[in-house]
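# Examining the three-dimensional arrangement
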Amino acid sequence: MKRKIAIYARQSVDKKDSLSIETQVEFCKNFINSKPTTEPIEVYFDKGYSGKNTIRPEFQRLLGDIRDDMISKIVVYKLDRISRNLLDFTSMYQEFENHKVEFCSVSETFDTSTATGRSMLKISMVFAEMERETIQMRVRDNYYQRIKTDGRWAGGPAPYGFINARTADGKPTLKVDEKEIEIVKYVFENYSYRPNISMGMICRELTSMGYKSRRKNGMFDNVTISRILQSPVYCMADEILYKYYQIRGIHFLNDEEDWNGTSSAHIVGKRVGNYNVRKYADLKEQSIYLTNFSGVIDSRTFINVQERLAQNEQVKKNNMPTNMKEFQGLLKCANCGYAVKMYTKPKLACYGATQLHCCNMDLKELSFDKLRKELGAEVQKNLDKIAMDLVQSASIQASKKERIEELKKEIDNLLEIAAKGGDVSETVYNKIETKQQEINTIELDLFLNKRVTDKLHINYSIPINYNRFSDEQKKSICMVLIERIKLHQNGDMEIKWKI
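Not measured: the values here are computed from a predicted model. (Residues numbered from 1 in each chain as written. Predicted model: local features only at pLDDT ≥ 70, side-chain atom pairs only at ≥ 80, totals over all residues. Heavy atoms only, no water.)

### Some remarks on the overall build of the chain
Quick note on the threshold: Under the DSSP-based scheme used, a helix requires at least four consecutive residues in state H or I and a strand at least two consecutive residues in state E, with every element numbered from the N terminus. Here a residue-residue contact requires only that any non-hydrogen atoms of the pair lie within 4.5 Å. The method behind every accessible area is Shrake-Rupley, applied with a 1.4 Å probe, and residues are considered shielded solely by the protein chains displayed.
On a plain count of helices and strands, the chain comes out with 15 helices and 15 strands. In the chain, the share of contacts with a sequence separation of at least 24, taken over all contacts with a separation of at least 6, comes to 64%. When the accessible area of the chain is evaluated, it comes to approximately 27100 Å², of which 51% is carbon and sulfur surface.

Here it is, written out as structure tokens:
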């Protein structure tokens, strides 16, 4: 079969200074006809598609024809018409070579049939990507500067509880929807302070009270509630909220002294995951700025919700299957360190022994009910200690402040060492960063003056009776209190506590 010459043209949007598809094709045809050829010509063009990736229908059709050895040469008006991404083009150019396809750019006058042309192509591609990245950076920096300066709403539909509006000087902002914002307050207050509440229960309660979501069917679901609970746009952005996000390594667009509670905050940046998981689980690539409108939820309530979401996510991840009760995700083999699971109820087995065959631990003679009873007794001891600590909370607060002062002195000493330079400096700075992180965490805890019972999501009363709680509550409590449990073949347990 006779191969053909392909002309590829692309135009993102119609602009006065943008070369049209028709003009690109005409230039390419003139270039081809300047040298006599008997090969047929076929035109491939994509209109309304960016060159930042290869997901373009006509370009994909062209690639298919190349792979079928139907193309002898590709002619474009300019290199960036086919790709603006160096990695993408390097990959596709390798495919061109594999199928003996020449590549020509009309305006840049290079032809890969020559060594000089191939070198010029690679150099031009590097500059094309540099230009694209520079434009992206400039656009992003300008965008961040605008929202940092005037706190304008960063764009898109208003979140539930708000409507899109304009400030007196015409800047985008959000205005409270009085009916919806009451629902938002109800969601935060109940999820934060009701010990046994779940998103599903909140959805059912809102529906029974006759409230409507923005979905077509008007129903509330877990995704809708989750979006509300995770967004700082509802929160009063004060110094407590600043400390909370500082610990999580987010990039701040506004200075700490501006976080005085008079506005809310909004996170911008590429999202991690999707709406069915925690939207901003990793905040190191995100930025946060102060908006030009007020929050409606106090920072203590908001942070309590975030901690509960994180805890419930961990509990949910470790609760399948549920045979292991409060041991789920915590029980480890003392011999090999792998998880202890229940493959046949109620018999326990080491994963390293049964699946990986790297351990000889035999646990099938152990009584699961006895282990669970012993764990309950140990947890009760810890809860008793927590109850005593609550009674002595004043001294606890004082000890935390003393710890902050100790850490600050340690940082000062490390800074003196780092100032001397040498190979040790990087290690010293890492230690300084770790200690500063501990200070931030303690300071946040002092700001919140938070009881441990709040973290456990249990009703506060002394004594705290572990046996009164449901299985689900016991799992939640153990996830907060315990880091891991090492199980020995004789049934002995080593518990590493978080609190």
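### What to know about the pattern of salt bridges
Inclusion rule: Salt bridge, as used here, is a side-chain nitrogen of Lys or Arg placed within 4 Å of a carboxyl oxygen of Asp or Glu. Three labels apply to residues, based on accessible area from a 1.4 Å probe with only protein chains included: buried if under 20% of the type maximum, exposed if over 50%, partly exposed otherwise in between.
Across all of its chains, the model carries 23 salt bridges by this definition. Between Glu42 and Lys4 there is a salt bridge whose closest N-O contact spans 2.3 Å. Of this pair, Glu42 sits in strand E2 (residues 41-47) while Lys4 sits in strand E1 (residues 4-11), placing them 38 residues apart in sequence. Here Glu42 falls in the partly exposed class, since its relative accessible area comes to 23%. A relative accessible area of 13% means that Lys4 is categorised as buried. Close ionic contact of Lys435 with Glu410 constitutes a salt bridge, the shortest N to O distance being 2.7 Å. On the criterion of sequence distance, the pair formed by Lys435 in helix H13 (residues 425-448) and Glu410 in helix H12 (residues 393-419) is long-range, its members being 25 residues apart. Three or more residues joined by partner-sharing salt bridges are found here, namely Arg403, Glu406, Glu410, Lys435 and Glu438.

### Quick word on the sheet that holds strand E10 (residues 287-290)
This is how it is decided: Strand pairing follows a simple DSSP-based rule, namely that at least 2 bridges must link the two strands.
With mixed pairing, three strands are arranged side by side in an open sheet as E8-E10-E9. Because the sheet does not close on itself, it has two edges, and the strands there are strand E8 (251-252) and strand E9 (265-268). Judged from the two bridges that link them, E8 and E10 form a sheet pairing that is parallel. Considered in E10, the bridge of Phe252 is made with Ile288.

### Focus on the packing of aromatic side chains
To keep it simple, the criterion reads: Aromatic rings from Phe, Tyr and Trp, taking only the six-membered ring of Trp, are treated as a pair when their centres fall within 6.5 Å; an angle between ring planes under 30 degrees marks them as stacked, one over 60 as edge-to-face, and anything in between as tilted.
With the rule as written, the count across this model stands at 15 aromatic pairs. Ring centres of Phe27 and Tyr77 lie 5.3 Å apart, and the angle between their planes is 40°; on these two criteria the pair is classed as tilted. With Phe27 in helix H1 (residues 21-33) and Tyr77 in the loop between strand E3 (71-76) and helix H3 (86-98), this pair connects stretches of sequence that are 50 residues apart. Aromatic side chains Phe188 and Phe302 sit 6.1 Å apart centroid to centroid with 35° between the ring planes, which places their arrangement in the tilted category. Of the two residues, Phe188 is situated in helix H5 (residues 178-193) and Phe302 in helix H9 (residues 299-317); the sequence distance between them amounts to 114 residues. According to the relative accessible area criterion, Phe302 is buried, its value standing at 0%. Feature note: the residues Trp153, Phe162, Phe188, Tyr234, Phe293 and Phe302 constitute an aromatic cluster, connected by ring pairs.

### Quick look at the side chain of Ser213
Here is the rule we go by: Contacts described as polar in this section are N or O atom pairs within 3.5 Å, which, within protein, must combine one atom able to donate a hydrogen with one able to accept it, while residues neighboring in sequence count only if both atoms come from side chains.
Tracing the chain through its elements places Ser213 in the loop between helix H6 (199-208) and helix H7 (222-230). At 3.2 Å, the side chain of Ser213 forms a polar contact with the backbone nitrogen of Arg215. Ignoring any residue separated from it by four or fewer positions in sequence, one finds Ser213 in contact with Tyr160, Gly218, Met219 and Phe220.

### A look at unusual backbone geometry
Its identity is not glycine, yet Asp69 carries a phi of approximately 55°, on the positive side. Within the fold, Asp69 resides in the loop between helix H2 (57-67) and E3. Classification of Asp69 as partly exposed rests on a relative accessible area of 39%. Phi is positive for Lys100, which is not a glycine, with a value near 55°. For Lys100, the location among the structural elements is in the loop between H3 and strand E4 (102-105). Taking relative accessible area as the criterion, Lys100 reaches 65% and is therefore assigned exposed.

### Let's talk about the packing of H5 against H7
Heads up, the condition is: Every angle, taken between N-to-C directions, lies between 0 and 180 degrees, and every axis is a line fitted to C-alpha atoms, over only the stretch in contact when it is a helix. Each angle receives one of four descriptions, namely roughly parallel if under 35 degrees, roughly antiparallel if over 145, roughly perpendicular if within 65 to 115, and oblique otherwise. Polar here means any residue other than Ala, Val, Leu, Ile, Met, Phe, Trp, Tyr, Cys and Pro, which are nonpolar, and Asp, Glu, Lys and Arg, which are charged; Gly is therefore polar.
Across the interface, H5 lies against H7 with an axial gap of 10 Å and an inter-helix angle of 85°. Taken together, the axis directions place H5 and H7 in an arrangement best described as roughly perpendicular. Two secondary-structure elements touch here, H5 through Val184, Val187, Phe188 and Tyr191 and H7 through Ile225, Ile228 and Leu229. Broken down by class, the residue content of the contact of H5 with H7 amounts to seven nonpolar, no polar and no charged.

### Digging into the pairing of strand E15 (residues 493-497)
Two strands pair when backbone bridges link them, and strand E14 (residues 482-487) and E15 are joined in this way by five bridges, in the antiparallel orientation. Each bridged residue has a counterpart across the sheet, and for Leu487 the counterpart in E15 is Met493. Adjacent in sequence and paired antiparallel, E14 and E15 are bridged by five residues, among which Gly491 carries a positive phi angle near 95°.

### As for H6
The criterion, for reference: As used here, the arc is the angular range of directions from the helix axis to the C-beta atoms.
Within the sequence span of H6, burial applies to Met199, Gly200, Ile202, Cys203 and Leu206. Seen from one end, H6 has its buried residues packed into an arc of 160°, which puts them on one side. When the buried face of H6 is taken as reference, the exposed residues oriented beyond 90 degrees from it are Arg204 and Ser208. One or two positions beyond H6, positive phi appears at Gly210, with a value near 85°.

### Description of the confidence of the model for the chain
What counts here: pLDDT expresses how confident the predictor is about each individual residue, on a scale running from 0 to 100.
Scored by pLDDT, the chain has a mean of 82; 80% of the residues are at 70 or more. Contacts for the low-pLDDT stretch residues 272-280, under 50 throughout, to residues beyond four places or in other chains number 19 contacts.

### Some remarks on the environment of Leu229
Relative to the elements of secondary structure, Leu229 occurs in helix H7. The class for Leu229 is buried, based on a relative accessible area of 0%. Separated by 37 residues in the primary sequence, Leu229 and Ser192 place their C-alpha atoms 9.6 Å from one another. Those residues in contact with Leu229 that sit more than four places away from it in its chain are Val187, Phe188, Tyr191, Met199, Phe302, Val305, Gln306 and Leu309.

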